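What follows is the residue order along each chain.
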Amino acid sequence: MELAVAPQDQDILLRTKNVINESVLNKYRLAGQVSQTALTYLTKLINDSYHLNQGPKLTTAELCLVGDSFLASYLENVYKSGVNSVNEKGIAQPVTIDVNSVNGGFGPEIDDEESKNFQYFEIGDIVTISLGCHIDGYTANLSHTLVIYPPGEEKDGELRPTGPLLGNKADTIIAAHIANEAVINLLGAALTPEKLPSIFNNNVGSVVTGSLIRQIVDEIATNFKCVVVPGSRVRRIRRFLAGQSEGVVAEKEYKGVVWSEADQEASLLEKASTSQELITLSDKQNLRGKGINQVSAIPTDDFVVTPGEVYIVDLKLASIAEFNEVGLVTLETLDGYTGKNHDKDSINIKPSIFVRDFAIQHTLKLRTSRQTLNKIDKTRSVYPFKLAHLSEKFPLDLKKLHVEGPESIKSDIDLVKKEIRNARLGLSEIINHHLAATKNVQVVKFLPLHHILNTANPTGTHGFDAANPTLPGLELPLPRLGVSSLKLKALLKKNSIVIPVAREQSTVVLVQQGISTGGRPELLRLTGGSKTSKPSWVHSNYQLDESKDIIKSLLQLIKLGQDKRFGINIRETQPVKLEHV
Amino acid sequence: MYTCNTCSLQFPTAEDQRVHMKSDWHRYNLKRRVANLPAINEALFLEKVSKLTINEEEETPRKEVKNNKQITKKEQRRIEKEALLEKKKQLLEIAKQNMLKSYHEGTLNETNKVITSEKKETIVKEEEEVAKLSISEESKEEKKDEVENLTDDQLAERIMEEKLKNKVEIPLEVCLFCNKKFPYFDACITHMHKNHGFYIPEQKYLVDKEGLVRYMGEKIGLGNVCVVCDFQGRSIEAVRAHMLSKNHCRIPYEEEDEKLEISQFYDFSSTYDDISFGDDDGDWEDVEGEDVGDDDVEEEEEEDLPQQVSYNDGVELHLPNGTRVGHRSLARYYRQNLRPDQVLTEGQGTVIAAESRHLMTIADRGALLEKKRIWKNEKHHQDRDDRRAAKFINNQPHYRDQLLQ
């Protein structure tokens, strides 16, 4: 590696700057506030156009651009000057609007032709809005899944949906919501371990560990006949390390629970066989640690949540209730190639979000590429970016949009389109030389297990999918069956079925005693919560099985979370009223 | 018993004897014995020695006189002449140094005239001194007693007078060497060039041709010196005869001091631009500063001669104006356009600090070459073995039916 940071600087950057104190907390809080407000803004735009029939119907690409503009223009005015000014602030996660089965990364550029067929939402769609921002590297990301209802009926002077959403989409939304809340309560309990229900105590004592989080999330998912989609994670984040380049950067001291195909494989095998040999990974099969300096870069569940840390709870759940057979829920990357393999109805767009890889250095040949790279390095910090962000006209003037209508900013949008075209030329060279990595658009798919079991696997475990990097140690999706990611990719092409996914993501700060406002340790929920991420009206056929001890204790824990006085102290960051922005 | 027969002494030990043998007294007695004289005792010897040391200073001139008496008159004259020539050489050297000094001191702003006049003065002075010397030599024998009584200044004046009395003014239209008269100066020059080989060097830069010829004329007429060698004639005729016979009719223009002697008549300032301190600066190349932007400034700075070198770190000269000067042999490194050091922002630094990937390292070329060499060798050996094996493929002496085995 050409670049290196001195050990003492490393210590400052990775430890000292991550100690939660008043100023750091303020930055987190403000970042959370901006994200929350942006979410309410986007929710309002969607509600207005789809449910209340007010205002124009914006396309997905426009919504993304408008959302990014909102974040950027809001952030322009904070921590701007004086002693408190920060060098780096901005969008930490460009707005993506993933519909139904899209797992993430769907934020088409304004000039994207391929997303033309998927511009508007249909009734019954579940729409996940993901966004995030950071101030001085202190990041607050969020995701929330909404439901698009049919035109509502008037009730008590208010337009309301005619009925709840039913079916597997409803199951996923409920499961995701409950899982998210449960994990947040669990993290809150890490601040006051004495309040943790006794059933969760393990041999270490009453602490919240990674395996406990996994156990609870898996339990909730099975109750709703859902599966935790690979790529879901509950992870500790640090300054500038909010998981934005997972798979690209092998981050030292990774702390978090990550769900992958391997976990589903283990649970499937558990059901089918009593043989412990099959389920536990032998050293030979376990490929974790290959190509990585630090063992700590490989995620394990073997960690304890401690106060003073910041966590992202990012759970994606997909329902498999409709299938009568066992199978694997996995992700398929959309490559954006056109041709015979793709019909018009299936989503196929090119990735539009990229993240810079600073470890790689290369002098580019094209002038436009160099200019683009310079612009990225100067303005975009270390977070994912879209080409629209590099435009001169970005952020768009949203006031003008709302006062004078969408026609008024058409010329600006045209300019942005033009600049995107130029930057795209430069970007191809940047991507080809791995100076930046793409954030792939992925869809969630169900692959019946018999297809995997019946397949011939002559290459064994040697096929890693380089185009779709994973976290270190998770390169082999099915280590017990010895199926490589390339094999799985090939299998997905014909045999798999697309399934909807719901995603809830929140960022929480575990504030220790003495720093929080009340003096008590509290869990500061930066994003999500009852104000912005209220679950849509859905009814599921399933519910939590209260006969189980673990569920009982879980409900007890959730009740504690709602008890302000004696329970777990959870404080939510509220959005700013849109009229004030 | 140890004895010394020469000095008729006895010594108790061998050591004492040895010390005695080395002493001056013993040596003196040895010499006396050779001359058939009796040995003297130590007291007498010491007395003699002390007498000698006292009288030494007084005796030396007398001794010299004694010596002089021994050598011939001819030899004596030769010695005197040599001494004189030596002195003259020294004087000429001093004159040249003065000239050089005045040349360097003379700044560019001053008019050429001033410089030339100054130089002329100095040169005339030197000439006079040289002339004095030659005169003194001539009249040495007659006025030996007088000269000895006179002081230096008086001597100089006298010599000067003599010289000026004997001075022969050579007009410009007259040939320096054969005293032939011409109607005008240029005709005279052509004559001297064609008949005597009086070639005037670097005519392109010659400013004062007449001055140069007049200077040469003075050298011959006043100083009675050959223009090429150190020959000094007693009269102008003697010098001319020497020059014609030895063909010393050219202006020497090979060594630096020769060039400097007549440099006052030349003006080489038009050539300065081409060379432009080439001697000092030629081996050094300008190193580009770290900023590419201030190229123009640097070019301007190049014009000025660096007044002093701030310091030399062994590789580069650091000039006071901030320019770094490196050696030409390293030009290929200076010509490289290296990427400026990347300054990481905090975010980039954090990501790099948290990074734990192995990135591909550059393969060790040496190791790779070694490996390739081994592979090649192995292949070569294998081929050779195959070839050898192939020789014996079909050498079964008797036919064997495979089925009958």
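What you are looking at is a predicted structure, and each value in this text was computed from that prediction instead of being measured. All chains use their own residue numbering, which begins from 1 and follows the written sequence. All chains are assigned letters beginning at A, and all ligands numbers beginning at 1, according to the order in which they are written. In view of the model being predicted, local features appear only for residues whose pLDDT reaches at least 70, and side-chain atom pairs are presented and counted only at 80 or more, with totals across whole chains, interfaces and linings using the full set of residues. With hydrogens and water set aside, each side-chain value is computed from the structure's full complement of heavy atoms.

1. Thoughts on the overall build of chain A
Only runs of H or I of at least four residues qualify as helices and only runs of E of at least two qualify as strands under DSSP, and these elements are numbered from the N terminus. What chain A contains, in helices and strands, is 13 helices and 19 strands. Remark: exposure states derive from per-residue accessible area (1.4 Å probe, protein chains only) relative to the maximum for the residue type, with buried under 20%, exposed over 50%, and partly exposed in between. Counting only residues that meet the buried cut, chain A has 57% of its 581 residues in that class. Restricting the contact set of chain A to residue pairs at least 6 apart, pairs at least 24 apart contribute 80%. The protein chains shown are the only cover counted for residues, whose accessible areas, like all others here, come from Shrake-Rupley with a 1.4 Å probe. Split by element, the accessible area of chain A, about 25,300 Å² in all, is 50% carbon and sulfur. Contact criterion: two residues are considered in contact whenever any of their non-hydrogen atoms come within 4.5 Å of each other.

2. Quick look at the UniProt feature "domain: C2H2-type" (unreviewed entry) in chain B
UniProt positions are given in the numbering used here, feature names are shortened, and annotations may be inferred rather than shown by experiment. Under the UniProt annotation, "domain: C2H2-type" (unreviewed entry) lies at residues 4–26 of chain B. Segment residues 4–26 of chain B splits into 52% helix and 17% strand. End C-alpha atoms: 9 Å apart.

3. Considering the pairing of strand S12 (residues 353–356) of chain A
All names here are of chain A. Side chains of S12 alternate between two faces, with Ile353 and Val355 and Phe354 and Arg356 buried alike. Two strands qualify as a pair provided that DSSP identifies no fewer than 2 bridges between them. Examined bridge by bridge, S12 and strand S13 (residues 385–386) share 2 bridges and lie antiparallel to one another. Directly across from phenylalanine 354, in S13, lies its bridge partner phenylalanine 385.

4. With respect to the pattern of salt bridges
Put simply, a salt bridge is a Lys or Arg side-chain nitrogen that is within 4 Å of an Asp or Glu carboxyl oxygen. Inspection of every chain in the model, using the stated rule, returns 36 salt bridges over all chains. Between lysine 44 of chain A and aspartate 48 of chain A there is a salt bridge whose closest N-O contact spans 3.3 Å. Taken as a pair, lysine 44 of chain A and aspartate 48 of chain A lie in helix H2 (residues 22–51) at a separation of 4 residues, close to a single helical turn. Note on aspartate 48 of chain A: relative accessible area 14%, which makes it buried. A salt bridge links aspartate 383 of chain B to lysine 379 of chain B, with the nearest nitrogen and oxygen atoms 3.0 Å apart. Of this pair, aspartate 383 of chain B and lysine 379 of chain B both sit in helix H17 (residues 365–391), 4 residues apart, roughly one helical turn. Judged by relative accessible area, lysine 379 of chain B falls into the partly exposed class, the value being 47%. Three or more residues joined by partner-sharing salt bridges are found here, namely Asp11, Arg15, Arg233, Arg235, Arg238, Glu246, Glu251, Glu253, Asp314 and Arg503 of chain A.

5. Here we look at the interface of chain B and chain A
One frequent convention defines the size of an interface as the accessible area lost when the parts assemble. With 18 residues of chain B at the interface, the matching set in chain A holds 31 residues. Two parts lose some accessible area (1.4 Å probe) when they are put together, and adding that loss for both gives the buried area. For the pairing of chain B and chain A, the buried interface totals around 2,400 Å² over both sides, and the portion due to carbon and sulfur atoms is 59%. For chain B, the biggest contributors to the area lost against chain A are Glu346, Ser356 and Arg357 of chain B; these three give 24% of the whole. A salt bridge links glutamate 346 of chain B to arginine 239 of chain A, with the nearest nitrogen and oxygen atoms 2.5 Å apart. Here a polar contact means two N or O atoms within 3.5 Å. Within protein one must be a hydrogen donor candidate and the other an acceptor candidate, and residues neighboring in sequence count only if both atoms are side-chain atoms. Where chain B touches chain A, the interface holds 8 residue pairs in polar contact (both at pLDDT 80 or more).

6. Quick word on the sheet that holds S13 of chain A
In any sheet, the strands associate via hydrogen bonds between backbone groups, in a parallel or an antiparallel arrangement. The 3 strands are arranged S13-S12-S14 (chain A) in an open sheet whose pairing can be described as antiparallel. Looking at strand neighbours, the two that pair on one side only are S13 and strand S14 (436–439) of chain A, the edges of this open sheet.

7. Points about the confidence of the model for chain B
Residue and element names in this part refer to chain B. Per-residue confidence for chain B gives a mean pLDDT of 77; residues scoring 70 or more make up 74%. In the model of chain B, helix H13 (residues 278–281) stands out as the element of lowest mean pLDDT, 42, in contrast to H17, which has the highest, 91. Confidence drops under a pLDDT of 50 for residues 107–116, and excluding neighbours within four residues, the segment shows 4 contacts in the predicted structure. Confidence of the prediction at every residue is given by pLDDT, a number between 0 and 100. Contacts for the low-pLDDT stretch residues 275–304, under 50 throughout, to residues beyond four places or in other chains number 31 contacts.

8. A look at the confidence of the model for chain A
Mean pLDDT over chain A stands at 87; residues scoring 70 or higher make up 95%. The model gives residues 287–293 of chain A a pLDDT under 50, and that stretch makes 19 contacts with residues more than four places away or in other chains.

9. Observations concerning the packing of helix H1 (residues 14–22) of chain B against helix H2 (residues 24–34) of chain B
Axes are the key here: two packed helices are described by the angle between their axes and the distance separating the axes. Residue and element names in this part refer to chain B. Axis definition: a line fitted to C-alpha atoms, over the contacting stretch in the case of helices. Angles run 0 to 180 degrees between N-to-C directions. Orientation of H1 relative to H2, taken along the N-to-C sense of each, is 65°, at an axis distance of 5 Å. The residues of H2 that touch H1, namely those facing His20, Met21 and Lys22, are Asp24, Trp25, His26 and Arg27. The residue inventory of the contact of H1 with H2, partitioned by class, reads 2 nonpolar, 2 polar and 3 charged. Under the grouping applied here, Gly and all other residues not named as nonpolar or charged are polar, the nonpolar ones being Ala, Val, Leu, Ile, Met, Phe, Trp, Tyr, Cys and Pro and the charged ones Asp, Glu, Lys and Arg.

10. Section: the state of the cysteines
Think of a disulfide as a covalent bridge from one cysteine sulfur atom to another cysteine sulfur atom. Residues and elements named next belong to chain B. To count as a disulfide, a pair of cysteine sulfur atoms needs to be within 2.5 Å. Inspection of every chain in the model, using the stated rule, returns 0 disulfides over all chains. In this structure cysteine 7 is not part of a disulfide, and its nearest cysteine sulfur, from cysteine 4, lies 3.8 Å away. Cysteine 7 sits in the buried class, given a relative accessible area of 7%.

11. Describing the packing of aromatic side chains
Residue and element names in this part refer to chain A. Centre distance within 6.5 Å is the pairing criterion for rings of Phe, Tyr and Trp, where only the six-membered ring of Trp is used; planes under 30 degrees apart are then read as stacked, over 60 as edge-to-face, and the remainder as tilted. Scanning the entire structure with this criterion turns up 13 aromatic pairs over all chains. Between phenylalanine 323 and phenylalanine 446 the ring centres are 4.0 Å apart and the planes differ by 5°, which places this aromatic pair in the stacked class. Of this pair, phenylalanine 323 sits in the loop between strand S10 (310–319) and strand S11 (327–333) while phenylalanine 446 sits in strand S15 (residues 442–448), placing them 123 residues apart in sequence. With relative accessibility at 15%, the residue phenylalanine 323 sits in the buried group.

12. Some remarks on helix H5 (residues 210–223) of chain A
Residues and elements named next belong to chain A. By definition here, a helix of n residues has an expected span of 1.5 Å times n minus one. With 14 residues, H5 should reach 20 Å at 1.5 Å per residue; the first-to-last C-alpha distance of 20 Å fits that figure. Taken together, the buried positions of H5 are Gly210, Leu212, Ile213, Arg214, Ile216, Val217, Glu219, Ile220, Ala221 and Asn223. Phi turns positive, to about 55°, at lysine 225, one or two residues after H5.

13. So, unusual backbone geometry
Most peptide bonds take the trans form, and the phi angle of most residues other than glycine is negative. Residue and element names in this part refer to chain A. Residue phenylalanine 394 is joined to proline 395 through a cis peptide bond whose omega torsion reads 0°. Position of proline 395 relative to the elements: it lies in the loop between S13 and helix H9 (398–404). Although it is not a glycine, asparagine 53 adopts a positive phi angle of roughly 55°. You can see asparagine 53 is positioned in the loop between H2 and helix H3 (60–76). A positive phi angle, near 60°, is found at histidine 434, a position not held by glycine.

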